[in-house]
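# Breakdown of the fold
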Number of protein chains: 2
Amino acid sequence: MKKQLNIDSVDSDDLERIIQIANVPYRSKGERALWLQIYDRLAEACINGPLESGARLPGENHMAELFSVSRLTMRKALSKLQQEGQLQARKGVGIFVRQRRTRYVIDDDLRFSQSLEANASEIDTKTLELTRAPASREAIVALGMGAVSEVIRMVRLRIVEGEPIYLTSKEFPADRFPRFEEAFSPNQSVTDVYRAHGIPRYTREETRITGGFAHRHEADALGLTHRTPLMRVSSVNLDPEGRPIEFNFGRWPLSAVELVVNQRRS
Amino acid sequence: MKKQLNIDSVDSDDLERIIQIANVPYRSKGERALWLQIYDRLAEACINGPLESGARLPGENHMAELFSVSRLTMRKALSKLQQEGQLQARKGVGIFVRQRRTRYVIDDDLRFSQSLEANASEIDTKTLELTRAPASREAIVALGMGAVSEVIRMVRLRIVEGEPIYLTSKEFPADRFPRFEEAFSPNQSVTDVYRAHGIPRYTREETRITGGFAHRHEADALGLTHRTPLMRVSSVNLDPEGRPIEFNFGRWPLSAVELVVNQRRS
DNA sequence: CAGTGGTCTAGACCACATG
DNA sequence: ATGTGGTCTAGACCACTGG
């Protein structure tokens, strides 16, 4: 009964909590800048504190008044929280609490969903795109394909407890998987596709990890603010004969996950 | 003869270049925000363009005037460039170009310096700290040590072509390396230390990669702006018998490097 | 339509580093 | 003492979203 049915107003309990943390007196500015003190309090409230994921914050003008600062100062605190992925602002709508307190551990040896299932109770996958198209430049290099080769391109989004956590674009050589779509559709499982084409297991060749800042479509898909820092990982799967069968390109919010790469030799 | 001997003034050629890109007319604000257009131009100049690493930019007030915007708008563009690690501001001093255009590739199987040497011509290592101390919490877990075990703690900074790129803190179990310091000092080489203690080679057990935002001392050491996004990697080395001999914790600016994890089974 | 977040201005004070 | 970047204010206009 905490949340009201229409989202368009601030939960009164949450408002109480904001007022409470806003009324704490500030320490001296020389010690820590005003906007950083506000940031500290809000971050605390988002991570450990009483502000739940999905909660809506009061408007910027209102918040600035509550914290007794100018709107710009308020915005600076809020924008840092957005940059960290803890809040998400939607123009014309409002500001919402985004971050889960936990950091998800992903074991790179396993498939992503298996890794997450061990940690999270509720995980959802949306397939945003499944098409046949010419291979991207990256995939051509990674898969060792000809320049005009056709690939099956798949874009998926992993959503954990309501929060988009992982955006992945995969490309598969089309000639290896003539019956991709029909094998995929029953369980939305890539492993099923592999099996249906006589590939009982696969190995991971190499993983490349870089950091960067969210492009437009990445931010949109992950529900992040534009230009938020990201981790990007690209990898290649090989069939038992060592031929590349999948190029994977994944991104997640900088602070959302911990990638574990297991390097013990078998 | 491009750079003057005292750094405290802006290179006149660089000033010319800034003026040139500042005088390009703006597109409509609706299309792209003013501060983003300024950001675009400066980023272009830092990455592809004529602004060299180490170059000093004119002051914020001056730049704001050149670009015909308020100081706040100018600051917003500059601060995004700082966040990306392309610029570095020093209070009371000025703003300097920081980023190299290249992204350094680090092969996780090799030692860091070997990886870099293949890419960069000029690499320098500074040992910031080399002490014996009680193990950190992280190291106790990673190395499987007792709670009061002593470690040799080493903090090093890798500087590539004048830019700090990689900050690493290592901890070694003290009882395994009684003659650490004397074995290390000739070549500043950890491999030498291993050999001197009868460890001809080592293996990497596991690598954990997370993202985050620079703490105070991390930002200071890497010459970054406070709270700049970072990549952090922790790993454990094992001796041939499988006992942990080193806990490593490294950080680099988000966009500086590309980590390559090789997972081919031998 | 009203309210939201996004942008921008002009002006001010501060702490800091350098000469 | 000067100039630097860092912070903060008060006020304004815009584009977008929702009822």
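Residues numbered from 1 in each chain as written. Chains lettered and ligands numbered in written order. Predicted model: local features only at pLDDT ≥ 70, side-chain atom pairs only at ≥ 80, totals over all residues. Heavy atoms only, no water.

### Describing the protein's contact with DNA strand C
Where we set the bar: We call a residue near a molecule or strand when any one of its heavy atoms sits within 4 Å of it. Nitrogen and oxygen atoms within 3.5 Å of one another constitute a polar contact, given that in protein one can donate a hydrogen and the other can accept it, and given that sequence-neighbouring residues count only through two side-chain atoms.
Taken together, 27 residues form the shell around DNA strand C, and within it Glu-60 and Arg-71 of chain A together with Leu-34, Ser-70 and Thr-73 of chain B come nearest. Backbone sugar and phosphate groups make up 72% of those atoms of DNA strand C lying within 4 Å of the protein. One nitrogen or oxygen atom from the main chain of Glu-60 of chain A is found 2.7 Å from a phosphate oxygen belonging to DNA strand C. In this structure, Arg-71 of chain A approaches DNA strand C through a side-chain N or O atom, which is 2.6 Å from a base nitrogen.

### Some details on the sheet that holds strand E3 (residues 94-97) of chain A
Quick reminder of the rule: Two strands pair under a simple rule: DSSP has to find at least two bridges between them. Secondary structure follows DSSP: runs of H or I at least 4 residues long count as helices, runs of E at least 2 residues long count as strands, and numbering of each begins at the N terminus.
Overall, antiparallel pairing links the 3 strands, which are arranged E1-E3-E2 (chain A) in an open sheet. Both edges of this open sheet fall to strand E1 (56-57) and strand E2 (87-90) of chain A, since each of them pairs with a single strand only.

### Observations regarding the domain arrangement of chain A
Residue and element names in this part refer to chain A. Formally: Domain start and stop positions are those given by an automatic or database domain assignment. Here, two residues are considered to be in contact whenever any of their heavy atoms come within 4.5 Å of each other. By buried area we mean the combined loss of accessible area, with a 1.4 Å probe, across both parts when two parts are placed together. By definition here, a salt bridge exists when the distance from a side-chain nitrogen of Lys or Arg to a carboxyl oxygen of Asp or Glu is within 4 Å.
The assigned domain composition of chain A is domain 1 (12-97) and domain 2 (104-260). Each partner contributes to the interface: domain 1 provides 9 residues, whereas domain 2 provides 7 residues. Both sides of the domain 1 and domain 2 interface together cover about 480 Å² of buried area, and 36% of this is carbon and sulfur. Broken down residue by residue, the surface that domain 1 buries against domain 2 is led by Gln-82, Gln-83 and Gln-88, which jointly contribute 65%. Here domain 1 is connected to domain 2 by 0 salt bridges. The interface formed by domain 1 and domain 2 contains 2 residue pairs in polar contact (both at pLDDT 80 or more). At the level of secondary structure, the elements contributing two or more residues to the side of domain 1 that touches domain 2 comprise helix H4 (71-83) and E2. For the side of domain 1 that touches domain 2, the element with the most residues is E2, which contributes 3 residues.

### A closer look at the packing of aromatic side chains
Quick note on the threshold: Each Phe, Tyr or Trp ring (for Trp, its six-membered ring) is paired with any other whose centre lies within 6.5 Å, and the angle between the two planes then decides the class: stacked below 30 degrees, edge-to-face above 60, tilted in between. Each residue is placed in one exposure class: buried if its accessible area under a 1.4 Å probe, protein chains only, is under 20% of its type's maximum, exposed if it is over 50%, and partly exposed if it falls in between. For a ring to carry a charge above it, either NZ of a lysine or CZ of an arginine must fall within 6 Å of the ring centroid while also lying within 35 degrees of the normal to the ring plane.
On inspection of all chains with the given rule, the structure shows 14 aromatic pairs over all chains. Consider the rings of Phe-172 of chain B and Phe-180 of chain B, whose centres lie 4.8 Å apart with planes at 50°: the pair is tilted. Residue Phe-172 of chain B shares its accessibility class with Phe-180 of chain B, and that shared class is buried. Here the aromatic residues Phe-172, Phe-177, Phe-180, Phe-184, Tyr-194 and Tyr-202 of chain A are joined through ring pairs into a cluster of three or more. Above the face of the Tyr-39 of chain A ring, Lys-80 of chain A is positioned so that its terminal group lies 4.6 Å from the ring centre.

### A look at the sheet that holds strand E2 (residues 87-90) of chain B
Residue and element names in this part refer to chain B. Threshold: Think of each axis as a best-fit line through the C-alpha atoms, taken over the contacting stretch in the case of a helix, with angles from 0 to 180 degrees between the N-to-C directions.
With antiparallel pairing, the 3 strands of this open sheet are ordered in space as E1-E3-E2. Pairing within the sheet leaves two strands with one partner each, and these edge strands are strand E1 (56-57) and E2. Here 4 bridges tie E2 to strand E3 (residues 94-97), and the two strands are oriented antiparallel to one another. Each residue of the ladder has a partner; that of Ala-89, found in E3, is Ile-95. This element, helix H4 (residues 71-83), spans E1, E2 and E3 of the sheet and lies at about 110° to E2.

### Section: the protein's contact with DNA strand D
Around DNA strand D sit 27 residues in total, of which Leu-34, Ser-70 and Thr-73 of chain A together with Glu-60 and Arg-71 of chain B are the nearest. A share of 72% of the atoms of DNA strand D within 4 Å of the protein falls on sugar and phosphate groups. Contact distances for DNA strand D include 3.2 Å between a phosphate oxygen and a backbone N or O atom of Trp-35 of chain A. Between Glu-60 of chain B and DNA strand D, the recorded distance is 2.7 Å, taken from a backbone N or O atom to a phosphate oxygen.

### Points about the relation of the copies chain B and chain A
Rules: The superposition of copies rests on a least-squares fit of C-alpha positions from residues with pLDDT of 70 or more in both.
Between chain B and chain A, which share one sequence, the superposing operator has a rotation angle of 180° and an axial displacement of 0.0 Å; the RMSD is 0.1 Å. The relationship between the two copies is best expressed as a two-fold rotation axis.

### Describing the interface of chain B and chain A
If you look at the interface, chain B gives 36 residues, while chain A gives 36 residues. Buried surface at the junction of chain B and chain A, summed over both partners, amounts to about 3,400 Å²; 49% is from carbon and sulfur atoms. Remark: the boundary between chain B and chain A carries 2 salt bridges. For Glu-258 of chain B, the salt bridge goes to Arg-208 of chain A, with nearest N and O atoms at 2.7 Å.

### Focus on the pairing of strand E10 (residues 244-253) of chain A
Across a regular strand the side chains alternate sides, sitting on one face of the sheet and then on the other. All names here are of chain A. For E10, a buried count of 8 out of 10 residues is recorded, marking the element as mostly surrounded by other parts of the structure. Bridge analysis of strand E7 (residues 163-173) against E10 gives 5 bridges, and the strand direction is antiparallel. Bridge assignment links Thr-168 to a residue of E10, and that residue is Gly-250. The loop that links strand E9 (residues 229-238) with its antiparallel partner E10 comprises 5 residues; one of these, Gly-242, has a positive phi angle of about 90°.

### A word on the pairing of E7 of chain A
All names here are of chain A. Counting buried positions along E7 gives 11 out of 11 residues, so the element sits mostly inside the fold. Note: strand E6 (residues 150-160) against E7, 10 bridges, orientation antiparallel. When the bridges of E7 are listed, Ile-152 appears paired with Phe-172. Following E6, the chain reverses through 2 residues before pairing antiparallel with E7; Glu-161 in that reversal takes a positive phi of roughly 45°.

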